[in-house]
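# What the coordinates show
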Amino acid sequence: MKALVALILLVQLPIHKAVPAAPPAPLGCDDPESVAAAEAAVNYINGHSHHGYKFALNGIKDIRVVPQGPNNDIIFLELDLLETTCPILSPTPLANCTVRSFAEHAVEGDCDVKLQKVDGTLSVLASKCHSHADSSEDILKVCPDCPLLASLNNTEVLETVSAALNDYNSKTTDSYLRLLEIGRAKIQYHPAHTVVAEFAVGATNCSAEEAKANAGACQLLPEDQSNFGFCTAVMVKRPSQDLQVDCQLYGHQVPAPHIPLLSQDTSAGLVPSAVGFTNHNLGISHNNPAASESSSSEILRSMLSAKSVTKRAVAQAAQHDKVPRPVGFVPLPPPCPGKIRHFDI
């Protein structure tokens, strides 16, 4: 009899179904893990750029994480960057580089980056960036008298760079410098007609004295002796004429094994009229050899796919979440985009 009662009670016990574990909450754009991934991405982008200036993180627009297995995630980032005053060739750490002010005609970079995080270690698989200068109208509203960015092929800019380089080489006793590229230029007409140009240079295998005989024969130093630098020239054309040139050479730098210091197919050695690389257009598209993509355009497709995966994960979490919530509770989405670190363009 006792056995029969125990059997009846056992049959009447409620059966609890196993509730699938909800996926982890999506990362927010200002979470420490997101910021760490963004900083790794910015270092990668600067490390694989060979023109213009270093860019700094301004904000994280979006982040998507796609789990691949235990301690293995693929991370997709949308980043907002701003141009700094540090040339890409400068050894100055990014943390010590100043972001150009809004009034200096700021340049913004937009980047999509794919990373992998395995056992806490981040590596960039691919990146795709482009950039644009702020609109002239926006600058003039805030600073009507501020000079705007000029075309790098502007005749006055080319004349200023040529005159500045000739002036420097005529006064130095060190290596003869050759033009690598023009980085930035601005022309101001009031109160004085002034041209300001910034340009990268490289030391050659000739002294300045030797170059007087045949400058065309002077070649950039080989990579194991390379010495690059950066110059700023200010030419006042009216009401009086004056030229000031300031050049800083960085000395030989040993690049990381996977990052060339400067490609040898630059405009080095060409006359200024043949130089016109638009350096404030951050056109970077790079794939790490470890990446599985055949093209960096896959980043965009992967980002869209990642968003779909995240939406499904959130929907599944909502469906299986049986934890009672306070009355009026509304789950908030992850805070994206993140905070603006400098200013918005």
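Residues take numbers from 1 onward in each chain, read along the sequence in its written order. It should be noted that, the model being predicted, local features are given only for residues of pLDDT at least 70 and side-chain atom pairs only at 80 or more, the latter also being counted only at that level, while totals for whole chains, interfaces and linings use all residues. Side-chain numbers here rest on the full set of heavy atoms in the structure, without hydrogens or water.

### Describing helix α4 (residues 155–171)
Because an α-helix completes one turn every 3.6 residues, residues spaced three or four positions apart along the sequence face the same direction. Our working definition: Runs of E in the DSSP output that reach at least two residues are strands. Runs of H or I that reach at least four are helices, and both are numbered from the N terminus. In this analysis, the expected span of each helix is defined as 1.5 Å times one less than the number of residues it contains. Residue burial is assigned from relative accessible area. The probe radius is 1.4 Å, only protein chains are included, and a residue is buried under 20% of its type maximum, exposed over 50%, and partly exposed in between. Working rule for contacts: check all heavy atoms of both residues, and any pair within 4.5 Å makes them a contact. Nitrogen and oxygen atoms within 3.5 Å of one another constitute a polar contact, given that in protein one can donate a hydrogen and the other can accept it, and given that sequence-neighbouring residues count only through two side-chain atoms.
For α4, with 17 residues, the first-to-last C-alpha span of 25 Å sits near the 24 Å given by 1.5 Å per residue. Residues of α4 that are buried: Glu156, Val157, Leu158, Thr160, Val161, Ala164, Leu165 and Asn169. The inward-facing, buried residues of α4 abut β5 (175–188), β6 (193–207), α5 (208–211), β7 (228–238) and β8 (242–251). N-cap assignment for α4: the residue whose side-chain oxygen lies 2.8 Å from the backbone N of Glu156 is Asn154.

### Notes on the pattern of salt bridges
Note the following rule: We define a salt bridge as a contact between a side-chain nitrogen of Lys or Arg and a carboxyl oxygen of Asp or Glu at a distance within 4 Å.
Counted by the stated rule, this structure contains ten salt bridges. Arg100 serves as the salt-bridge partner of Glu198, at 3.1 Å between the closest nitrogen and oxygen. Here Glu198 is found in strand β6, whereas its partner Arg100 is found in the loop between β2 (72–87) and β3 (107–118), with 98 residues between them in sequence. Like Glu198, the residue Arg100 is buried in the burial classification. The closest approach of N and O atoms between Lys171 and Asp167, which form a salt bridge, is 3.3 Å. Here Asp167 and Lys171 lie together in helix α4, a separation of four residues that amounts to about one turn. With a relative accessible area of 62%, Lys171 lands in the exposed category. On the accessibility criterion, Asp167 (22% relative accessible area) is partly exposed. In this structure, a network of salt bridges that share partners links the residues Glu83, Arg100, Glu104, Arg184 and Glu198.

### A word on the packing of aromatic side chains
Rules: Aromatic pairs are defined between Phe, Tyr and Trp rings, using the six-membered ring for Trp, whenever the two ring centres lie within 6.5 Å; interplanar angles under 30 degrees are classed as stacked, those over 60 as edge-to-face, and all others as tilted. Geometrically, a charge over a ring is one whose NZ (Lys) or CZ (Arg) sits within 6 Å of the ring centre while staying within 35 degrees of the ring normal.
Evaluated as defined, the whole model comprises two aromatic pairs. Note on Tyr53 and Phe230: the rings are 5.8 Å apart at their centroids and 75 degrees apart in plane angle, and the pair reads as edge-to-face. Here Phe230 lies in strand β7 and Tyr53 lies in strand β1 (residues 53–69), a separation of 177 residues in the sequence. The exposure class of Phe230 is buried, given its relative accessible area of 13%. Its guanidinium or amino end placed over the ring of Tyr53, Arg100 lies 4.7 Å from that ring's centre, counting from NZ or CZ.

### So, unusual backbone geometry
In this chain, His190 is followed by Pro191 through a cis amide linkage whose omega measures 0 degrees. Mapped onto the fold, Pro191 is located in the loop between β5 and β6. Between Cys336 and Pro337 the backbone carries a cis peptide bond, its omega angle lying at 0 degrees. As for its position among the elements, Pro337 is in the segment after α6 (298–320). The backbone phi angle of Asn71 is positive, close to 55 degrees, even though this residue is not glycine. Along the chain, Asn71 falls in the loop between β1 and β2. For Asn71, a relative accessible area of 55% corresponds to the exposed category. In the Ramachandran plot, Asp119 falls in the positive-phi region, its phi being about 50 degrees despite a non-glycine side chain.

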